[in-house]
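Given next are the chains, with one letter for each unit.
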Amino acid sequence: MMRKTGIVALGAIAALALAGCSGSAEGASDGGSAEIRVWLVGTDTPDDARTYLKETFEEQNPGSTLVIEEQQWNGLVDKYTTALSGSDSPDVVEIGNTQAAAFTSAGAFTDLTDKYDELGGDNLLQGFVEAGTYDGKIYAYPYYSGARVVFYTPQVFDGEVPTTFDEYVEAGIAMKEAGTASGIYAPGKDWYNMLPYVWENGGFVAEQQDDGTWKAGFSSEGGIAGLEQLQSVYLNATSAPKDGDETNAQVPFCEGNVGFLSAPSWFMGSLKAEADADTPGCPDTFGKDATAFALPGKDGGAAQAFAGGSNIAVAANSANQDLAYEALKIMLSVEYQELLAANGMIPATSEAKDALPDDAVTAAAAAAAESARLTPAAPKWADVEASEVIKNALVKIAQGKDVTKIAKGLDAEIEEILNS
């Protein structure tokens, strides 16, 4: 989820010197029963899922116990960097999806490539499998996702929901021309919502080459096409600040100034928040009948949108590899994932999606999650985010400057960071 995609301090992670820690869980010796420590982050995992995990594990592994230790997202990377490299390492950990690459590349997690089919295979969220993969091996598996969907209220938009990406853009421009302040709410620094424009037009963010180096793709043919389409939105479909970000997007929505707004599925909570909340919404006005649809793709279906969420992994320094894997296996079981789904979280496996609540926003999020993608699984990707080169480039595009020139410069900056 978005709060889980924070910047990773790669300099700190470089301190992970995990000799011999990247082996497979297959054949590891636990020395009998043990206490298995599972680190979950925040309060997203519901209590009934936690209870199921503990009771099922202890029933299946007599003599062993499972303890859930809740961590906080603030300061998580530094805490994991220390804990995963020590002798008192936890056994199973939850990690934000864009944080995963820094740890997989450092050898912090056990290689579970050969467990792919047993853990769900092609039914798993493939973008999250990619996020947990390094050098062709899978170290962290999907846990759950929070997909981005397009929110709207019939009070502002009462037409037919777009079925293609081009129709979506055209509808946004038409609303702006008809007097809606932002047919599509698109602040200049909101780079997560930029990604579908690039991906749906055939471009890419960054790809690893055969020689191990990374090549950025914003200046590829598809990248340019996507950024030019985005520029048309900046110039013709939105009144959002050209140097603003997505923070407090419920404010313009609740003023009735927005047609379409792409945000994580939990944004509905912001719209429904009462007046006495820290960030009040508009449950009695424009939020009352708000709903959502999956951003449509270029050729129909769901677009390739950015997905937030978490992965789970067995710590390479766990002294209880076999038992740790048994716990992780329960967390990826259909039964456990159905408990997550029932609480509105997009499950790691499509086999559990029928347990999702029966409402339009959840249905849209489930559809979006199946096509969702993540940022490149590059060890230094977090440095790209920290540099804000993407945000700075998008502000220039929003100001109407030359897309091709900006894209070429952005690619050069990204490649310098990723290949340094």
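Predicted model, so just to flag it, every value in this text is computed and none were measured.

**A short note on the overall build of the chain**
Secondary structure assignment for the chain yields 16 helices and 13 strands. For a compact globule of 420 residues, the expected C-alpha radius of gyration is about 22 Å, and the chain comes in at 22 Å, within 12% of that figure. Along the three orthogonal principal directions, the C-alpha set of the chain runs to about 70 × 50 × 40 Å. Per-residue burial for the chain yields a buried fraction of 57% across its 420 residues. Of the contacts formed within the chain by residues at least 6 apart in sequence, a portion of 77% connects residues at least 24 apart. With the model as given, the accessible surface of the chain reaches about 16700 Å², and the carbon-plus-sulfur share is 45%. Charge separation in the chain, taken as the distance between the mean sites of 25 positive and 62 negative side-chain charges, equals 7 Å.

**Describing the layout of surface pockets**
As a volume, the second largest pocket reaches approximately 370 Å³. Along its surface, the second largest pocket is lined by 20 residues, and Glu130, Ala206, Trp214, Pro376 and Ala377 are the ones closest to its centre. Contributing elements (two or more residues each) for the lining of the second largest pocket: α5 (126–131), β4 (133–134) and β8 (206–208). With 3 residues, the top contributor of residues to the lining of the second largest pocket is β8.

**So, the nonpolar core**
Ranked by internal contacts, the top residues of the largest apolar core, which has 83 residues, are Phe151, Met194, Phe218, Leu227, Phe260, Ile390 and Ile414. The next biggest cluster of nonpolar side chains, apart from the first, holds 32 residues, and it includes Ile36, Leu119, Leu323 and Tyr336.

**A closer look at the state of the cysteines**
Each disulfide is one covalent bond, formed between the sulfur atoms of two cysteines. Tallying each qualifying case throughout the model produces 1 disulfide. A sulfur-sulfur distance of 2.1 Å marks the disulfide that ties Cys254 to Cys282. When the S-S torsion is -70°, as for the bridge of Cys254 with Cys282, the disulfide is left-handed. Here Cys282 lies in the loop between α10 (267–272) and β11 (291–293) and Cys254 lies in helix α9 (residues 250–254), a separation of 28 residues in the sequence. Accessibility classification places Cys254 together with Cys282 in one group, the buried group.

**Structural notes on the packing of aromatic side chains**
One pass over the structure, following the stated rule, counts 17 aromatic pairs. Ring geometry for Phe151 versus Phe267: centroids 5.2 Å apart, planes at 65°, classification edge-to-face. Here Phe267 lies in helix α10 and Phe151 lies in strand β6 (residues 141–152), a separation of 116 residues in the sequence. By relative accessible area, which is 8% here, Phe267 ends up buried. Ring centres 6.2 Å apart and planes at 55° place the aromatic pair Trp191 and Trp381 in the tilted group. Here Trp191, found in the loop between β7 (182–184) and α7 (195–200), pairs with Trp381, found in helix α14 (residues 381–387); they are 190 residues apart in sequence, far enough to count as distant. Every member of this aromatic cluster is reached through a ring pair, and the members are Tyr152, Phe157, Phe165, Tyr168, Tyr197, Phe260 and Phe293. It is Lys79 that lies over the ring of Trp39; its NZ or CZ is 5.4 Å from the centre. The aromatic ring of Tyr325 is capped on one face by Lys115, whose charged end is 4.9 Å from the ring centroid.

**Re the packing of helix α6 (residues 165–177) against helix α8 (residues 221–236)**
One can describe the packing of α6 onto α8 by two numbers: an axis separation of 9 Å at closest approach and a directional angle of 15°. If you check the angle between α6 and α8, you find them roughly parallel. For the crossing formed where α6 meets α8, the hand is left-handed. Only Gln229, Ser232, Val233 and Asn236 of α8 make contact with α6, whose side of the interface consists of Phe165, Asp166, Val169, Ile173 and Lys176. Along the lines of polarity and charge, the residues of the contact of α6 with α8 split into 4 nonpolar, 3 polar and 2 charged.

**Side note on the environment of Glu70**
Among the secondary structure elements, Glu70 is positioned in strand β2 (residues 65–71). As a C-alpha pair, Glu70 and Asp299 span 229 residues in sequence and 43 Å in three-dimensional space. Ignoring anything within four residues of it in the chain, the contact list for Glu70 reads Leu40, Gly42, Thr43 and Arg50. Within the local environment of Glu70, its side chain forms a polar contact with the side chain of Arg50, the two groups lying 3.0 Å apart.

**Considering the pairing of strand β10 (residues 258–264)**
Most of β10 sits inside the fold, with 7 of its 7 residues counted as buried. Relative to β10, β6 runs antiparallel, the two sharing 4 bridges. In the sheet register, Arg148 faces β10, and the bridge partner there is Pro264. Here β7 pairs with β10 via 2 bridges, running parallel.

**Here's the deal with the environment of Lys353**
Considering the arrangement of structural elements, one finds Lys353 in the loop between β13 (346–347) and α13 (360–371). Taking C-alpha positions, Lys353 is 24 Å from Ala100, a pair spaced 253 residues apart along the chain. Lys353 has contacts with Pro347 and Glu370, leaving out every residue within four places of it along the chain.

**Topic: the confidence of the model for the chain**
For the chain, the mean per-residue pLDDT works out to 90, and 93% of the residues sit at or above 70. In this model residues 1–13 is a low-confidence stretch, pLDDT under 50, and it forms 53 contacts with partners more than four residues away in sequence or in other chains. Of the regions scoring below 50 in pLDDT, residues 17–23 engages in 15 contacts with residues more than four places distant in sequence or in other chains.

**Focus: empty space enclosed by the protein**
As enumerated under the stated definition, the model contains 3 cavities of 30 Å³ or more in all. Put simply, the largest cavity is a space of about 130 Å³. In terms of lining residues, the largest cavity is bounded by 14 residues, among which Tyr168, Ile184, Asn193, Tyr197 and Ser262 are the most central. Broken down by secondary-structure element, the contributors of at least two residues to the lining of the largest cavity are α7 and α8. Considered as a void within the structure, the second largest cavity measures approximately 90 Å³ in volume. Together, 13 residues line the second largest cavity, and Asn97, Thr98, Ala101, Pro376 and Ala377 are the ones closest to its centre. Those elements that place two or more of their residues in the lining of the second largest cavity are α4 (100–104) and α14. When the residues that make up the lining of the second largest cavity are grouped by side-chain class, the tally is 10 nonpolar, 3 polar and no charged.

What counts and what doesn't
- Within each chain, residues carry numbers counting from 1 in the order of the written sequence.
- Under the rules for a predicted model, residues below a pLDDT of 70 receive no local features and side-chain atom pairs below 80 are neither given nor counted, while totals for whole chains, interfaces and linings still include all residues.
- The side-chain figures draw on all heavy atoms in the structure; neither hydrogens nor water molecules are used.
- A run of H or I in DSSP counts as a helix once it spans at least four residues, and a run of E counts as a strand once it spans at least two, with each numbered from the N terminus.
- A radius of gyration in this sense is built from C-alpha atoms; the matching globule rule multiplies 2.2 Å by the number of residues raised to 0.38.
- Residue exposure (1.4 Å probe, protein chains only): buried if accessible area is under 20% of the type maximum, exposed if over 50%, otherwise partly exposed.
- The contact rule is simple, with two residues in contact once any of their heavy atoms fall within 4.5 Å.
- Only the protein chains shown count as covering a residue, and every accessible area follows the Shrake-Rupley method with a 1.4 Å probe.
- In this tally, Asp and Glu contribute negative charge and Lys and Arg positive charge; neither His nor the terminal groups of the chain are included.
- Note that the charge is assigned to NZ on lysines, CZ on arginines, CG on aspartates and CD on glutamates.
- Cavities and pockets were defined on a 1 Å grid built over protein atoms only: a cavity is a set of grid points that admits a 1.4 Å probe from which the probe cannot escape, a pocket is an open set flanked by protein on both sides within 12 Å along at least five of seven lines, and lining residues are those with an atom within 4 Å of any such point.
- Grid points are joined across faces, edges and corners, and a volume is the space filled by probe spheres set on the points.
- Here, the term nonpolar core denotes a set of buried Ala, Val, Leu, Ile, Met, Phe, Trp, Tyr and Cys residues that are joined through side-chain atoms within 4.5 Å.
- When two cysteine sulfur atoms are found within 2.5 Å, that pair is recorded as a disulfide.
- The rule is short: rings of Phe, Tyr and Trp, with Trp giving its six-membered ring, pair when the centres are within 6.5 Å, and they are stacked under 30 degrees, edge-to-face over 60, tilted in between.
- In our convention, an over-ring charge means Lys NZ or Arg CZ found within 6 Å of a ring centre and within 35 degrees of that ring's normal.
- Here an angle of 0 to 180 degrees is reported between the N-to-C directions of two axes, which are lines fitted to C-alpha atoms, with helices fitted over the stretch in contact.
- Oblique is the label for any angle not covered by the other classes, which are roughly parallel (under 35 degrees), roughly antiparallel (over 145) and roughly perpendicular (65 to 115).
- Throughout, a crossing is termed right-handed when the near helix is turned clockwise from the far one, and left-handed when it is turned anticlockwise from it by less than a right angle.
- Here the term charged refers only to Asp, Glu, Lys and Arg, the term nonpolar to Ala, Val, Leu, Ile, Met, Phe, Trp, Tyr, Cys and Pro, and the term polar to all other amino acids, Gly among them.
- Under the rule applied, a polar contact is a pair of N or O atoms within 3.5 Å (in protein, one hydrogen donor and one hydrogen acceptor; residues adjacent in sequence only if both atoms are side-chain atoms).
- At least two bridges found by DSSP between two strands is the condition for calling them paired.
- pLDDT expresses, on a scale from 0 to 100, how confident the predictor is about each individual residue.

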